[in-house]
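Geometric and topological summary
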Number of protein chains: 4
Amino acid sequence: MIDDLASHVNALPTGWVREMGITILAATPDEVSCEWEVTEKHHQGYGIVHGGVHCGVIETLASLGAAIVARPRGQRVVGLENSTSFIRAVRSGRLLAVARPVTRGRTTQVWEASIRDEEGRLVAEGRVRLLCLDEGREL
Amino acid sequence: MIDDLASHVNALPTGWVREMGITILAATPDEVSCEWEVTEKHHQGYGIVHGGVHCGVIETLASLGAAIVARPRGQRVVGLENSTSFIRAVRSGRLLAVARPVTRGRTTQVWEASIRDEEGRLVAEGRVRLLCLDEGREL
Amino acid sequence: MIDDLASHVNALPTGWVREMGITILAATPDEVSCEWEVTEKHHQGYGIVHGGVHCGVIETLASLGAAIVARPRGQRVVGLENSTSFIRAVRSGRLLAVARPVTRGRTTQVWEASIRDEEGRLVAEGRVRLLCLDEGREL
Amino acid sequence: MIDDLASHVNALPTGWVREMGITILAATPDEVSCEWEVTEKHHQGYGIVHGGVHCGVIETLASLGAAIVARPRGQRVVGLENSTSFIRAVRSGRLLAVARPVTRGRTTQVWEASIRDEEGRLVAEGRVRLLCLDEGREL
């Protein structure tokens, strides 16, 4: 069903998400989750996961969740703002990210997401605001 | 000289930055800039540049600039917060990003960056807060 | 003219802005500025200006600027997101804040603002995203 | 006990918090909460609660919580970043805000807070990053 959703919302596993080796685990209007194995391509210069990867994973989940909510209304979504806090540096291992809706309005949505390591320790947390666009509206 | 700086600050062109095909153009304590050609690996599901790529490019430049400022003090830097606004959807072409310091304190730094397309139109803008760590301090 | 604008945009000097003793200096589609004298009512517990005052001043200017842009289109504006960085602690004196537009779209606007002390030193900086609502739309 | 804590952490009910009529309900290392009755002094020009008031309440709770955590370590705290999302416009009534820690590190802390109306509907949500300063360090 996830694959189904993915092709419907046209949000994965293509482009950046595929490039980063991210696997979507679940995608419903109430929760979206993913995981990925940290490799060298996720690192910044000091050998820890690049903050942009955390921002990007949070953006991915928020966008996917918001798209699933918006699709039955004939809407598409586009990210407006991404605000991410970095909590713990990670060098390797498997990371798990979960996003949940804060508001699922008809005009905008807000989703928040957190990323944890295999021991359940918080790695990053963020919030994304998205705009819902009625069909025919330009991105 | 960039390669030199890069090896000194240990921030490029490795890992995520190399993976994304980003080229650092200049890196001084007053300004850091880069450019990249948009390809499919930068896209989200609708075929536009993934917001996480913009966040990541802004994080990259801020981190590089802050590291250059911190290094002569015997400090390293680590990102605390990334706040990015998405202004214009981009599907293809060359993007140019420039970051400048807001504050370069001994404890924390703030850098802001903007991303523009080839016509000079604003695509994204963000601000990154970084922590300066004295030598021997854990990331 | 400011008073005129103020009554038009219906944004000052009432409510919180009046309570905080903030004086609007200029308000055009390209720039909005204000100043205020720091008193005890702006302080948090350590006797420095409360971060929320800086957030609020930035929100005020962004909202006023966006409202001036939106009014000729028959639109109202409402803030979606406020992201503010605190740079320098201030105990007293006169503060000056200036906001300028980042984007003035028909659906959303982004304004950024900075607050400086009498010596011109940066005290806080922030960005506000606002939604433009066509007449008749509920806030 | 709250009054006791308040005088210890030196964070209330003085200054902006008193001016805004905010009542702290609980303040522990795990949760800080407050409430206030919306009046004209909380309004922006359209007669709804000013976004800056929400930012300020969130900043207040995060600072108070972080200060309670930091005090036994001989540390003080200062806000670095405030990122707040506005969810629902409110004109009147009683608002309740609750903050909880995201991370309580020795160098920085992150607290998140939400504001709800009397029906429990989410009004605003935000995250604050604070710096912990060892005794003798300048704010």
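If you're wondering where the values come from, they're calculated on a predicted model, not measured in any experiment.

Each value, and the rule that gives it
Residues numbered from 1 in each chain as written. Chains lettered and ligands numbered in written order. Predicted model: local features only at pLDDT ≥ 70, side-chain atom pairs only at ≥ 80, totals over all residues. Heavy atoms only, no water. Contact = heavy atoms within 4.5 Å. Buried area = accessible area lost by both parts, 1.4 Å probe. Salt bridge = Lys/Arg side-chain N within 4 Å of Asp/Glu carboxyl O. Helix = DSSP H or I, 4+ residues; strand = E, 2+ residues; numbered from the N terminus. Least-squares fit on C-alpha atoms with pLDDT ≥ 70 in both. Pairing = 2+ DSSP bridges. Axes fitted to C-alpha atoms, helices over the stretch in contact; angles between N-to-C directions. Parallel < 35°, antiparallel > 145°, perpendicular 65-115°, else oblique. Left-handed = near helix turned anticlockwise from the far one by under 90°. pLDDT = per-residue confidence, 0-100.

Counting residues at the interface gives 40 residues for chain D, matched by 40 residues for chain C. Here chain D meets chain C over a buried area of about 3,100 Å², counting both sides, of which 52% is carbon and sulfur. Here E40 of chain C makes a salt bridge to R18 of chain D, at a shortest N to O gap of 3.2 Å. Sort the elements by how many residues they give to the side of chain D that touches chain C and strand β3 (residues 75-86) of chain D lands first, with 10 residues.

With an RMSD of 0.0 Å, chain B superimposes on chain A once it is rotated by 180 degrees and translated 0.0 Å along the axis. Taken together, these values place the two copies in the relation of a two-fold axis. Taking C-alpha positions as reference, the residue of chain B nearest the rotation axis is S83 of chain B, located at 2.2 Å. Taken together, the interface assignments show that 100% of the residues at the interface of chain B recur at the interface of chain A, consistent with an identical surface on both copies.

What holds strands together in a sheet is hydrogen bonding between their backbones, with the strands either parallel or antiparallel. Strand order across the open sheet formed by 12 strands is β1(C)-β2(C)-β4(C)-β5(C)-β6(C)-β3(C)-β3(D)-β6(D)-β5(D)-β4(D)-β2(D)-β1(D), with antiparallel pairing between neighbours. A single partner strand is all that each edge strand has here, and the edge strands are β1 (23-27) of chain C together with β1 (23-27) of chain D. Pairwise comparison of adjacent strand axes, ignoring direction, gives a mean angle of 20 degrees for this sheet. Where strand β3 (residues 75-86) of chain C lies against β3 of chain D, five bridges are found, and the strand directions are antiparallel. Pairing of S85 of chain C across the sheet is with E81 of chain D, part of β3 of chain D. Helix α3 (residues 51-70) of chain C rests against β1, β2 (32-37), β3, β4 (94-104), β5 (108-116) and β6 (122-134) of chain C together with β3 of chain D of the sheet, and its axis sits at about 150 degrees to β3 of chain C. Sitting on the sheet, helix α3 (residues 51-70) of chain D is in contact with β3 of chain C together with β1, β2 (32-37), β3, β4 (94-104), β5 (108-116) and β6 (122-134) of chain D, with an inclination near 150 degrees to β3 of chain D.

We now examine the pattern of salt bridges. In the structure shown here, the tally under the stated rule is 32 salt bridges over all chains. Taken together, the salt bridges that share partners define one network made up of E35, E37 and R94 of chain A.

Our next topic: the packing of helix α3 (residues 51-70) of chain A against helix α3 (residues 51-70) of chain B. When two helices pack together, their arrangement is given by the angle between the helix axes and the distance between those axes. Contact geometry of α3 of chain A with α3 of chain B gives a least axis separation of 8 Å together with a crossing angle of 160 degrees. Taken as axis vectors, α3 of chain A and α3 of chain B run roughly antiparallel relative to one another. Of the two elements, α3 of chain A crosses α3 of chain B, and the hand of that crossing is right-handed. Residue-level inspection shows G51, G52, C55, G56 and E59 of chain A of α3 of chain A in contact with α3 of chain B, the latter providing G51, G52, C55, G56 and E59 of chain B.

For the rest of this paragraph, the subject is the confidence of the model for chain A. All names here are of chain A. Looking at chain A, the pLDDT average stands at 91 and 90% of residues meet or exceed 70. In the predicted structure, residues 1-11 sits below a pLDDT of 50 and forms 21 contacts with residues beyond four places in sequence or in another chain. Two summary scores accompany this predicted model of the complex, namely pTM at 0.93 and ipTM at 0.91.

When chain D is fitted to chain C, the residual RMSD is 0.0 Å, and the transformation amounts to a turn of 180 degrees plus an axial shift of 0.0 Å. Interface overlap between copies is the fraction of interface residues in one copy that are interface residues in the other; for chain D against chain C it reaches 100%, indicating a shared surface.

Another aspect to go through is the pairing of β4 of chain C. Residues and elements named next belong to chain C. In terms of strand pairing, β2 meets β4 through six bridges, oriented antiparallel. By the bridge assignment, C34 is partnered in β4 with A97. Note that β4 and β5 share eight bridges and pair antiparallel. Across the sheet, residue L96 finds its bridge partner in β5, namely R116. Taking the residues between adjacent antiparallel strands as the criterion, β4 and β5 are bridged by three residues.

Between chain B and chain A, the residue contacts involve 40 residues of the former and 40 residues of the latter. When the two sides are added together, the surface that chain B and chain A hide from each other amounts to roughly 3,100 Å², 53% of it contributed by carbon and sulfur. Considering only the side of chain B, the residues that lose the most area to chain A are W16, Y46 and F86 of chain B, jointly responsible for 22% of the buried surface there. At the junction of chain B and chain A, the tally comes to two salt bridges. When contributions to the side of chain B that touches chain A are tallied by element, the ones reaching two or more residues are α2 (15-19), α3 and β3 (75-86) of chain B.

Below, the discussion takes up the pairing of β2 of chain C. Residue and element names in this part refer to chain C. Bridge count between β1 and β2: four bridges; the pairing is antiparallel. For A26, the partnering residue across the bridge sits in β2 and is S33. Between the end of β1 and the start of β2, which pair antiparallel, lie four residues.

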